[in-house]
Amino acid sequence: MKITAARVIVCSPGRNFVTLKIETDQGVYGIGDATLNGRELAVVSYLEDHVIPCLIGRDPQQIEDIWQYLYKGAYWRRGPVTMSAIAAVDTALWDIKAKMAGMPLYQLLGGRSRTGVMVYGHANGRDSAETVDEVLRHKEEGYLAIRAQSGVPGLNKVYGVSGANRLYEPADGNLPGEHDWSTEKYLRHTPGLFEAVREAVGPDIHLLHDVHHRLTPIEAGQLGKALEPVRMFWMEDPTPAENQDAFQWIRHHTTTPIAVGEIFNSIWDCKTLIEKQLIDYIRTTVVHAGGITHLRRIADLASLYQVRTGCHGATDLSPVCMGAALHFDTWVPNFGVQEYMPHSEDMLSVFPHDWRFERGMMHCGESPGHGVDIDEKLAAKYPYQRAYLPVNRLQHDGTLWNW
Ligand SMILES: O=C(O)C(=O)C[C@H](O)[C@H](O)CO
Ligand SMILES: [Mg+2]
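Just so it is clear, the structure is predicted and the values come from calculations on it, not from any experiment. (Residues numbered from 1 in each chain as written. Chains lettered and ligands numbered in written order. Predicted model: local features only at pLDDT ≥ 70, side-chain atom pairs only at ≥ 80, totals over all residues. Heavy atoms only, no water.)

1. Observations regarding the site of ligand 1
- With respect to spatial proximity, 14 residues lie near ligand 1, and among them N37, H212, E262, D316 and E339 are the closest.
- Taking Y159, its side chain carries an N or O atom lying 3.1 Å from an oxygen atom of ligand 1.
- In the complex, 95% of the free accessible area of ligand 1, which totals 330 Å², lies under the protein chains.
- Its atoms largely coinciding with the cavity grid, ligand 1 occupies the largest pocket. (Near = heavy atom within 4 Å. Polar contact = N/O pair within 3.5 Å; in protein donor to acceptor, adjacent residues only side chain to side chain. Areas by Shrake-Rupley, 256 points an atom, 1.4 Å probe, with all protein chains shown as cover. 1 Å grid on protein atoms, 1.4 Å probe; cavity = no way out; pocket = protein on both sides within 12 Å on 5 of 7 lines; lining within 4 Å. Sits in = over half its atoms within 2 Å of the grid points.)

2. Quick notes on the pattern of salt bridges
- Under the defined criterion, the tally for this structure stands at 19 salt bridges.
- For the salt bridge of E130 with R126, the shortest nitrogen-to-oxygen distance reads 2.6 Å.
- Given a relative accessible area of 60%, R126 falls into the exposed group.
- In this structure, the salt-bridge partner of E141 is R137, at a minimum N-O distance of 2.7 Å.
- Shared partners join several salt bridges into a network, and the residues in it are R7, K21, E23 and E376. (Salt bridge = Lys/Arg side-chain N within 4 Å of Asp/Glu carboxyl O. Buried < 20%, exposed > 50% of the residue type's maximum accessible area, 1.4 Å probe, protein only.)

3. Focus on the packing of aromatic side chains
- Scanning the model with the defined rule gives twelve aromatic pairs in all.
- Ring centres 5.6 Å apart and planes at 90° place the aromatic pair F17 and F351 in the edge-to-face group. You can see F17 sitting in strand β2 (residues 17-24) and its partner F351 sitting in the loop between α12 (345-350) and β13 (356-358), a full 334 residues away along the chain.
- What makes F351 buried here is its relative accessible area of 0%.
- Here the aromatic rings of W67 and Y71 are separated by 4.8 Å at their centres, their planes lie at 20°, and the arrangement is stacked. Taken together, the residues span about one helical turn, with W67 and Y71 both in helix α2 (residues 63-73) at a distance of four residues. Y71 carries the same exposure label as W67, and that label is buried.
- Members of the aromatic cluster, joined through ring pairs, are Y120, F233, W234 and Y281.
- Over the face of the ring belonging to F17 we find R15, whose NZ or CZ atom lies 5.9 Å from the ring centre.
- The aromatic ring of Y29 is capped on one face by K21, whose charged end is 4.2 Å from the ring centroid. (Phe/Tyr/Trp six-rings, centres within 6.5 Å; stacked < 30°, edge-to-face > 60°. Helix = DSSP H or I, 4+ residues; strand = E, 2+ residues; numbered from the N terminus. Lys NZ or Arg CZ within 6 Å of the ring centre and 35° of its normal.)

4. Describing the sheet that holds strand β16 (residues 400-401)
- Spatial ordering of the open sheet is given by β6-β15-β16, a layout of three strands whose pairing is mixed. Where the open sheet ends on each side, the last strands, each with one partner, are β6 (178-181) and β16.
- In the sheet, β6 pairs with strand β15 (residues 391-394) via four bridges, with the strands oriented parallel. The residue of β15 that forms the bridge with D180 is R393. (Pairing = 2+ DSSP bridges.)

5. Quick look at the coordination of the magnesium ion (ligand 2)
- For the magnesium ion (ligand 2), the protein coordination sphere consists of D210 (OD), E236 (OE) and E262 (OE), at 1.9 to 2.2 Å.
- Read in sequence order, the donor residues for the magnesium ion (ligand 2) give the motif D-x25-E-x25-E. Residue D210 is found in strand β7 (residues 206-210), and its partner E262 is found in the loop between β9 (258-260) and α9 (267-275); the two are separated by 52 residues along the sequence. Of the two residues, D210 and E262, both sit in the buried class. (Donors = N, O, S within 2.8 Å, 3.2 Å for Na, K, Ca; no water.)

6. Describing helix α10 (residues 291-304)
- Here α10 contains 14 residues, and its C-alpha end-to-end distance of 21 Å stays within 8% of the 20 Å for a straight helix at 1.5 Å per residue.
- Looking only at α10, the buried set comprises G291, I292, T293, H294, L295, I298, A299, L301 and A302.
- Among the residues trailing α10, Q306 stands out with phi positive, at a value near 60°. (Expected span 1.5 Å × (residues − 1).)

Here is the structure:
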């Protein structure tokens, strides 16, 4: 069996997606997501100019060998661009293998470990009252786990809070937007927000919150401690994770569980946090962490330390990534939760898919492969639109902060 062609399809049905399609001499093709939000075209070039020429003529069944060939063969290892490109190839090859076997992907990975995949939804509001209402709306829709984000009094724009249309899309604008930040205002507001949310939603719903890298370790310790009475499912990205030993300071001060990893791209980014048990959930996912092949390796390492998976699933991860992730989640023994931020109807129409949401759970479907395709004609109607993620500045003096 041979790879005969590979193509990168870029489209923007409301936001940008980069998709790789690999074709074979047996007529079977596979699809992989390669979207790197705000830096999409770097991955397009990496694939078109450097990876695709090396794929033509190779046996698509040799997934591991191709993974090693692209990873070791580049000499310059790791990094989000490289690993998103490798992920797209890997996902497409698993799709091909599963289609050839006539099986849904989760069967090839080892079979079903659970009846469905628990997902957490995104509730957000401009203030605490609106956020509480949104949490209750999500509970009504059947969500078992809900992430709550709120506007902070005195701050103009804050990560995770949408405009009028309810969904938020962080990448927008021809140049990066600017948000403002005050740790003091955020820390004053957030414990009360969660007290109100817990009071309204009752004891049984899992509550999550994304700090989005904006605190120092000791501030994160304060927040985690203040949230303990609320019994959070997790506090996400409490502090930037470049200096991983810093997480010890958070651990010294709080038992609120911690989730990290959506911006990681290899097992080496996860190693210290996992081995020192500084986190409880690892958030790497298929598209940014080297595909199914590499994500499986990360999950296996995590399983030795009772760290569970909590794959990133914002809308900048395409429906293709969601399909692959749901197969992974259906199999992985140390599953925790899957993030689910629904794509718009326009986005979903470009990517016919087999997965579905039902009362708080998602199901990957039973069709061979990962169950997601791309309608190339429709995709062509939505050309690429340059878009950037915002930056954050401290409110009082404009210092550039973590967004
Ligand atoms: O979904 C989350 O937890 C995020 O933090 C979303 C990220 O900001 C988004 O994916 C950036 O592209
Ligand atoms: Mg996050």
